Amino acid sequence: MGMVKVVLNGKEVEALEEETILNLVRRHGIEIPTLCYYEGFANGSCRICVVEVNGRLMPSCITKVSEGMKIETESARVTEARKTLLRLLLKNHTHRSKEEQMRCRVCEYAVKYGLEPAPVMPDVKVDDTHPAIIFNPSACVMCRKCVIACGIDQNNDVIAVIGRGSGTRVGFDLDTSMGMSSCVSCGACVDACPTGALMEKGWVPADKVVETTCPYCGTGCQVEYGVKDGRVIWARGAYGPANEGKLCVKGKFGYHYVNSPERLTKPLIRRPNVPKGPLNGRPIHEVFREATWDEALDLIASKIREILNKYGPAAIGGIMSDRSTNESIYAFQKFMRCAIGTDSIDQSATLCHEPSAWSLAAQLGFGAATNPIRDVLNSRTIIVVGSNMNETHPVIAAYVKRAAKQGAHLIIVNPIHTELARYAEYELLISLVRMSYYSPQWPGT
Ligand code: SF4
Ligand code: SF4
Ligand code: FES
C-alpha cells in the first residue's frame, strides 16, 4: 500500500493510501465522535464523525484519504454540524435509567458540546422479554450497528430495520418481541449499541475491566470482564485475531460460574473410612473435609512417594484437563517426566481432538490449524464433518456462515441435522446414525 501526504489540522502528515480519515486521525491520537461506525463494515449513517475536507463537510469513517487533502477535525463548522446533529438526535431520545444514560455516547457528546443530555424517564415502554437483554426503543438513534453486528458480523440475521418513514425502527425477526425471536443471545448487538438502547439486564458500571481469553472453547475469543467488589459483573467482546470483537452466548453471558458459591476454592481431603464412589445425594462435606494447600500437597506427595517406592515410576500416570493453559500443561508434563520419571501422561483433549490432529498432520504436516480462523472467508469450498459448531464453537460458525453467504460452497457431513445446514449447499446426513440420533426439533431432515 502506497503513502499519500495530507494536511491534518494544519500539519503535513503521511497517510496510508486507501485508509479512511477516521483511521488516520485515530492513528494520530485525535478523538472524533462516532456512533454508527462498526470496525470493518462501512455504515456511514449517523454523520457525527463529520470533518472538514478542503472546505466541505464529510463523514470521516467512510471517506478515504487522498493526496493533498486538507482535513480539519474541530473547526467551527465541524463543531456546529455536530451540535446540530446532536440536537436532532436528542429530540426523540430518552433513557429509562441512569445506568442506560451512562452507556450513551449521544449524551456523552451532548455534554462535551455544551448541550443537555437526554432525560431519564423510567416509565418508557421497553421490551424486556429476553432473559438477558433489555431493549429500550426510545434510546435508539437508528444507527444500525446492531443490524450489522447481528446480520453481517455474527450472521444470525435476527435484527433488522423495519417500517417506513417516521415509523422506521429496529425489529426482531418478523417484528416479534426479542424474547420470542430467534435471537441466540450472542450479545453482539449489546456490545455494539452506542446508546444503551440494547443493554444487558441489570448492568452497572464496573470498578475495573480485565481483559482475558474466554475459557469455554478452543476458539480463543478475547473478552473483557467488568469487575466490581472482586466479582465479575459483565462481559463484552474484545478485539482479538480469533474473534474480532465477537463472543457467543457462553462468552457473553456464561461468566456467573466465576462467582458461584458451589465452586471449589479450597482443597478437599476424603474423611477417614468414607468409601470411594458417587456421592449419591450425600452433602459433599460429609465425604470430604476442607484442607490447606500445604496439607493437600503434602498428602499427594506422600502417596506418590509410597507408590514410587513400592511399584516404581511406571505405576504412575497423569491426566490433565483440556481447560488448562499450554503453560500449565507443559509444567505438568515436565514434572511427570523429570520428577516422577514416567511417560504416562495424557490430556483429556486426546479423546475428542486426536482424530482431527492425526488427519491434519497427515494432510498439512502439522496437527493443528495452519491459518487464522478468518481465512475461512477466503475459502471457495468449506466441508464441515461431524461438527455442530453453531453450538460448540459459535464464533467460528459466524465466519463459516458469512463465507457461505458470500458464495462459498458449504458441505456438511453429519449424523444429525444442525442449524448451520441452513447455509449449506449440501447436507449429507449419515443415515444409520441419523436414525438413532434424529432430533424432531428440526423439521424436514
Ligand atoms: S438499538 Fe442501538 S445499535 Fe441498534 S440502531 Fe438503535 S442505537 Fe443503534
Ligand atoms: S466461541 Fe464462545 S465459548 Fe468459544 S471462546 Fe468464543 S466466546 Fe468463548
Ligand atoms: S460514525 Fe461516521 S457516519 Fe456514523
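Within each chain, residues carry numbers counting from 1 in the order of the written sequence. To label them, take the chains in the order written and letter them from A, then take the ligands in the order written and number them from 1. It should be noted that, the model being predicted, local features are given only for residues of pLDDT at least 70 and side-chain atom pairs only at 80 or more, the latter also being counted only at that level, while totals for whole chains, interfaces and linings use all residues. To get the side-chain values, take all heavy atoms of the structure and skip hydrogens and water.

Attention shifts here to the packing of aromatic side chains. Paired rings are identified among Phe, Tyr and Trp, the last through its six-membered ring, by centres lying within 6.5 Å, and are further divided according to the angle between planes into stacked (under 30 degrees), edge-to-face (over 60) and tilted (the rest). Throughout the structure, instances matching the rule amount to four aromatic pairs. The interplanar angle of 90° and the centroid separation of 5.5 Å between the aromatic rings of Phe135 and Phe172 together place this pair among those described as edge-to-face. Note that Phe135 is positioned in strand E6 (residues 133-135) and Phe172 in strand E8 (residues 169-172), a separation of 37 residues in sequence. For Phe135, a relative accessible area of 6% gives the class buried. Only DSSP runs of H or I reaching four residues or more are called helices, and only runs of E reaching two or more are called strands; each is numbered from the N terminus. Note on classification: 1.4 Å probe, protein chains only; a residue is buried when its accessible area is under 20% of the maximum for its type, exposed when over 50%, partly exposed between these limits.

With that out of the way, let us pick up the site of ligand 2. With respect to spatial proximity, the complete set of residues near ligand 2 consists of Cys214, Tyr216, Cys217, Thr219, Gly220, Cys221, Leu247, Cys248, Lys250, Gly251, Pro394 and Val395. Put simply, the parts of the chain that give the shell around ligand 2 at least two residues each are helix H7 (249-253) and helix H13 (394-405). Of the residues that constitute the shell around ligand 2, the class distribution is eight nonpolar, three polar and one charged. Here a residue is near a molecule or strand as soon as one of its heavy atoms is found within 4 Å of it. Any residue outside Ala, Val, Leu, Ile, Met, Phe, Trp, Tyr, Cys, Pro, Asp, Glu, Lys and Arg is labelled polar, Gly included; the first ten of those are nonpolar and the last four are charged.

Attention now goes to the pairing of strand E11 (residues 222-228). Among the seven residues in E11, six count as buried, and that is most of the element. As judged from the six bridges shared by strand E10 (residues 208-213) and E11, these two strands associate in the antiparallel manner. Residue pairing for E11: Thr213 is matched across the bridge by Gln222. Strand pairing requires that DSSP identify at least two bridges connecting the strands. As paired strands, E11 and strand E12 (residues 231-237) are joined by six bridges and run antiparallel to one another. Note that in E12 the partner of Gly226 across the bridge is Trp234.

Our next topic: the sheet that holds E12. Pairing is antiparallel across the open sheet formed by three strands, whose spatial order is E10-E11-E12. With one partner strand each, in any of the chains shown, E10 and E12 form the two edges of the open sheet. Within the sheet, the average angular offset between the axes of one strand and its neighbour, ignoring direction, is 30°. Interaxial angles span 0 to 180 degrees and are taken between N-to-C directions of axes, which are lines fitted to C-alpha atoms, for helices over the stretch in contact.

Moving on, we get to the domain arrangement of the protein chain. Domain borders in the structure are assigned automatically or taken from a domain database. The assigned domain composition of the protein chain is domain 1 (3-84), domain 2 (94-102 + 112-259) and domain 3 (353-429). Of note, the centres of domain 1 and domain 2, computed from C-alpha atoms alone, are 27 Å apart. Contacts are residue-level and defined by heavy atoms, with any inter-residue pair within 4.5 Å sufficient. Opposite the 12 residues of domain 1 that make contact, domain 2 presents 13 residues. We count a salt bridge whenever a side-chain nitrogen from Lys or Arg sits within 4 Å of a carboxyl oxygen from Asp or Glu. Here domain 1 is connected to domain 2 by zero salt bridges. A 3.5 Å cut-off defines polar contacts: any pair of N or O atoms within that distance qualifies, except that in protein one atom must be a possible hydrogen donor and the other a possible acceptor, and neighbouring residues in sequence count only when both atoms are side-chain atoms. Where domain 1 meets domain 2, there are five residue pairs in polar contact (both at pLDDT 80 or more). Residue composition of the side of domain 1 that touches domain 2, grouped by class: six nonpolar, three polar and three charged.

In this section: the environment of Ile382. By the secondary structure assignment, Ile382 is in strand E17 (residues 381-385). Taking the C-alpha atoms as reference points, Ile382 and Ala424, separated by 42 residues in sequence, lie 9.3 Å from one another. Not counting the four nearest positions on each side in its chain, Ile382 is found in contact with Val376, Val400, Ala403, Ala408, His409, Leu410 and Ile411.

All of the buried residues along helix H4 (residues 105-112) are Val106, Cys107, Tyr109 and Ala110. Along the axis of H4, the buried residues cluster in a sector spanning 165°; they form a single face. Tucked inside the fold, the buried residues of H4 contact helix H2 (76-91) and helix H3 (98-102). Of the residues trailing H4, Gly114 is marked for its positive phi of about 75°. Relevant arc is that of directions from the helix axis to the C-beta atoms, nothing else.

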